[in-house]
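# Secondary and tertiary structure notes
Single-letter residue listing:
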Amino acid sequence: DLVATVADRFEVSVSAYPERHPQSPTFEHDLDVLAGKVAAGATRAMTQMFFDNHSFFTYRDAVRARGIDVALVPGIFPIHSFPAVARFAARCGAVMPTWIADRFAGLDDDPAGTHAVAAEVAAEQIAELAANGVEHVHIYTLNRAELALAVCERLGLVESAPVA
């Protein structure tokens, strides 16, 4: 209803769930909900975080197969704290691949190591998305601009800040 109310005055972005909304009965239901949002005037859908790009690619293919014409923007969540993000991901229905858990193993008490691995993992994820036709991403920062900046540095989008 909100989308239909404001879509004639604003460009509207809505949420999308590549791994199914935790309260949705089915993946098809999620596609129906997205189709309704687009029919109401949404022009872009930003996804919930995901850590396995295959989930996004499968979702993108399903959205296109249903004829839903909307820009899909993947939501990338750099992992500032593996235990915290893993718990949050589980509550949101986002799968945390074992290979990511392995990359963060032993870093719970190492903020610098966690930061470095988080930036590398997110940059690798974005690079793979870009190589597969994705033009834009949304980086969930949670007020951690330095981590988002580190991701952009690893992608060569910004220069590294000089060390004082």
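Description of the structure in this document. (Residues numbered from 1 in each chain as written. Predicted model: local features only at pLDDT ≥ 70, side-chain atom pairs only at ≥ 80, totals over all residues. Heavy atoms only, no water.)

### Overview of the nonpolar core
Our working definition: Side-chain atoms within 4.5 Å link the members of a nonpolar core, which is a set of buried Ala, Val, Leu, Ile, Met, Phe, Trp, Tyr and Cys residues. Exposure categories follow from relative accessible area, calculated using a 1.4 Å probe and restricted to protein chains: below 20% of the type maximum is buried, above 50% is exposed, and the middle band is partly exposed. Residue contacts are defined here by distance: any two heavy atoms, one from each residue, within 4.5 Å place the two residues in contact.
Residues Leu34, Phe51 and Phe104 are the most contacted members of the largest nonpolar core, which totals 47 residues. Apart from residues lying up to four places away in sequence, Leu34 is in contact with Val14, Ser15, Ala45, Tyr59, Val63, Ile68 and Val70.

### Examining the packing of aromatic side chains
What counts is decided by this rule: Note on aromatic pairs: the rings of Phe, Tyr and Trp (six-membered ring only in Trp) are paired at centre separations within 6.5 Å, and the planes decide the class, stacked below 30 degrees, edge-to-face beyond 60, tilted for the rest. To qualify as a helix, a DSSP run of H or I must reach at least 4 residues; to qualify as a strand, a run of E must reach at least 2; elements of each kind are numbered from the N terminus.
Following the criterion strictly, the structure yields six aromatic pairs and no others. Taken together, a centroid distance of 5.9 Å and an interplanar angle of 80 degrees make the contact between Phe27 and Tyr59 edge-to-face. Of the two residues, Phe27 is situated in helix H2 (residues 27-39) and Tyr59 in helix H3 (residues 53-65); the sequence distance between them amounts to 32 residues.

### Thoughts on the sheet that holds strand S4 (residues 138-139)
The condition is simple: Strand pairing is defined by DSSP finding a minimum of two bridges between the two strands. Axis lines are fitted to C-alpha atoms, over the contacting stretch for helices. Their N-to-C directions set the angle, which ranges from 0 to 180 degrees.
Read across the open sheet, the four strands follow the order S1-S2-S3-S4; overall the sheet is parallel. Where the open sheet ends on each side, the last strands, each with one partner, are strand S1 (13-16) and S4. Sheet topology note: the S1/strand S2 (residues 44-49) ladder contains four bridges and is parallel. Bridge pairing in S2 places Val14 opposite Ala45. Against the sheet, H3 contacts S1, S2 and strand S3 (71-76), and its axis sits at roughly 160 degrees relative to S3.

### A word on H3
Our working definition: One less than the residue count of a helix, multiplied by 1.5 Å, gives the span that helix is expected to have. Here a polar contact is recorded for every N or O atom pair within 3.5 Å, except that within protein the pair must consist of a potential hydrogen donor and a potential acceptor, and residues adjacent in sequence are included only if both atoms are side-chain atoms.
For H3, spanning 13 residues, the distance from its first C-alpha to its last is 18 Å, which sits close to the expected 18 Å at 1.5 Å a residue. By the burial criterion, the buried members of H3 are Asn53, Ser55, Phe56, Phe57, Tyr59, Ala62 and Val63. Contact partners of the buried residues in H3: S1, H2, S2, S3 and helix H6 (111-131). Put simply, Asp52 is the residue that caps the front of H3, since its side-chain oxygen is 3.0 Å from the backbone nitrogen of His54. Positioned one or two residues after H3, Gly67 has a phi angle of 80 degrees, which is positive.

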